[in-house]
Amino acid sequence: MIVKDEESVLKRCLDSISPLVDEIIIADTGSSDATREIAALFTDKIYDFPWIDDFSAARNFSFSKASMDYIMWMDADDVFDMAFSEKFTSFKDAGFDGADTVMMPYETSFDEKGEAVFSYYRERILKRSRGFLWQGRVHEAVSGRGFAVYSDIPIKHKSQKTSYSDRNLRIYEKQISEGAPLSPRDTFYYGRELYYHKSYYAAVGVLKGFLHMDDGWKENKIEACRILSSCSLALNNPQKALKELFTSFLWDSPRAEVCCDIGQIFVNLSDYEKAVFWYESALRIPEDRRSGAFVSADAYGYLPYIQLCVCFDRLGDRRKAEEYNKMAGACRPRSEAYLKNLQYFASLSGK
């Protein structure tokens, strides 16, 4: 782990994972709170690493201190789901099936029941003898995976942050000012950071450049099209936003997330028949959690259902609207939108 000022979440993380691992390595990058004292409750392997605006450097330093056959990483605001403890232990005792890399779901957003609605696979456990190195000052990743095994054991990201800092953007801008080249992956994430900070024109320029890079990953290119569409919407240009989403089809078959984005634009334009086409299209697309892409589980069920309810209500087909609301409720029975729709239909029938 690499940590800095994580006293509010570190114990929660280590409580969840410490019974399952053989050693815990903490690389502290300059904490001024009780982070080190909390870490000391679980391990004596606490090391100082001066922060140099480079997550890979810190991650590689922490990995260099490991002595076991396999190395697993977590962030301080991550939690291991203890319902999977027995399964994880069996997997570990089996030597992780001889994997060089174990890919595990990273769940980052949750519904009313605590079920994951947004996730993606990350390289979570790495064979130490392979000497994998992290690359990228921000949004670091290892290059190459060797023999990869996919596990369905998730790590849950339970952030308590209430604001989005400019740290990542500053790191990228420092890298650029130093004349250090941005990789295609860096370029994608730099453009995304600009979008998050509402620098829409700058984000468009960077992401358009990324789309013209020959060696950019297709999943990042599809996501870049979605971000470009969001930039166009923020700049009040829905027609251009649609074109950006259609561009994503150049790299692969439509994703349900993209179809839902298109459907939402047509809803905003009050063109409900076109919206229906795209939401129904989303429902025909199988979910592929192993693609490595950012996967929104809602886009493969709940979201098209709830939006089709809205569309058919606006088109005057109450029967279909109620049917789709029922389907949405089967996905997320505590959803505020589903429950409000129930009240709405009840008011129409006088019940």
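Rules of the game
Residues numbered from 1 in each chain as written. Predicted model: local features only at pLDDT ≥ 70, side-chain atom pairs only at ≥ 80, totals over all residues. Heavy atoms only, no water. Helix = DSSP H or I, 4+ residues; strand = E, 2+ residues; numbered from the N terminus. Expected span 1.5 Å × (residues − 1). Buried < 20%, exposed > 50% of the residue type's maximum accessible area, 1.4 Å probe, protein only. Contact = heavy atoms within 4.5 Å. Pairing = 2+ DSSP bridges. Axes fitted to C-alpha atoms, helices over the stretch in contact; angles between N-to-C directions. Parallel < 35°, antiparallel > 145°, perpendicular 65-115°, else oblique. Left-handed = near helix turned anticlockwise from the far one by under 90°. Nonpolar A, V, L, I, M, F, W, Y, C, P; charged D, E, K, R; others polar. Arc of directions from axis to C-beta.

Q: Just checking my understanding: could you explain helix 12 (residues 302-314) for this structure?
A: A rise of 1.5 Å per residue sets the reference length of helix 12, with its 13 residues, at 18 Å; its end C-alpha atoms lie 19 Å apart and thus fit the reference within 8%. Within helix 12, burial applies to Y302, P304, Y305, I306, Q307, L308, C309, C311 and F312. Next to the buried residues of helix 12 lie helix 10 (256-268), helix 11 (272-283), helix 13 (318-331) and helix 14 (336-349). Phi turns positive one or two residues past the end of helix 12, at G316, with a value near 85°.

Q: Hey, could you run me through the pairing of strand 6 (residues 101-110) in this one?
A: Across a regular strand the side chains alternate sides, sitting on one face of the sheet and then on the other. In terms of burial, strand 6 is a largely internal element, seven of the ten residues being buried. Pairing between strand 6 and strand 7 (residues 116-127): nine bridges, direction antiparallel. Following the sheet pairing, E107 is matched in strand 7 by S119. Where strand 6 hands over to strand 7, the hairpin turn is made up of five residues, of which G114 adopts a positive phi near 85°. Where strand 6 meets strand 10 (residues 148-150), three bridges bridge the pair, whose relative direction is parallel. Considered in strand 10, the bridge of V102 is made with V149. Taken together, the two bridges between strand 6 and strand 11 (residues 155-157) define a ladder with parallel strand orientation. By the bridge assignment, E107 is partnered in strand 11 with K156.

Q: So what exactly am I meant to see when it comes to the sheet that holds strand 1 (residues 2-3) here?
A: By definition, the strands of a sheet pair up through backbone hydrogen bonds, in either a parallel or an antiparallel sense. In space, the three strands of this open sheet follow the order 1-2-3, with parallel pairing throughout. Looking along the sheet, the strands with just one partner apiece sit at the ends: strand 1 and strand 3 (46-48).

Q: Sorry if this is basic, but what is going on with the packing of helix 8 (residues 218-234) against helix 10 here?
A: Between two packed helices, the angle of one axis relative to the other and the distance separating the axes together describe the packing. The contact between helix 8 and helix 10 brings their axes to 11 Å, and the two run at 15°. It follows that helix 8 is roughly parallel to helix 10 by the angle criterion. Handedness of the helix 8/helix 10 crossing: left-handed. When helix 8 is examined against helix 10, the residues I222, R226, S229 and L233 are found in contact with a partner set consisting of E257, V258, D261 and I265. Residues belonging to the contact of helix 8 with helix 10 are distributed by class as follows: four nonpolar, one polar and three charged.

Q: Help me out: how do you make sense of helix 14 in this one?
A: Helical geometry note: an α-helix holds 3.6 residues per turn, so side chains three or four residues apart project in the same direction. With 14 residues, helix 14 ought to run about 20 Å at 1.5 Å a step, and its terminal C-alpha atoms sit 20 Å apart, in line with that. Of the residues making up helix 14, those classed as buried are Y338, N341 and F345. Buried residues along helix 14 cover an arc of 60° about the axis, so they all sit on one side. In helix 14, those exposed residues whose orientation departs by more than 90 degrees from the buried face are E336, K340, Q343 and S347. In this fold, the buried residues of helix 14 make contact with helix 12 and helix 13. Note on helix 14: the residue one or two positions beyond its end, G350, has a positive phi of about 80°.

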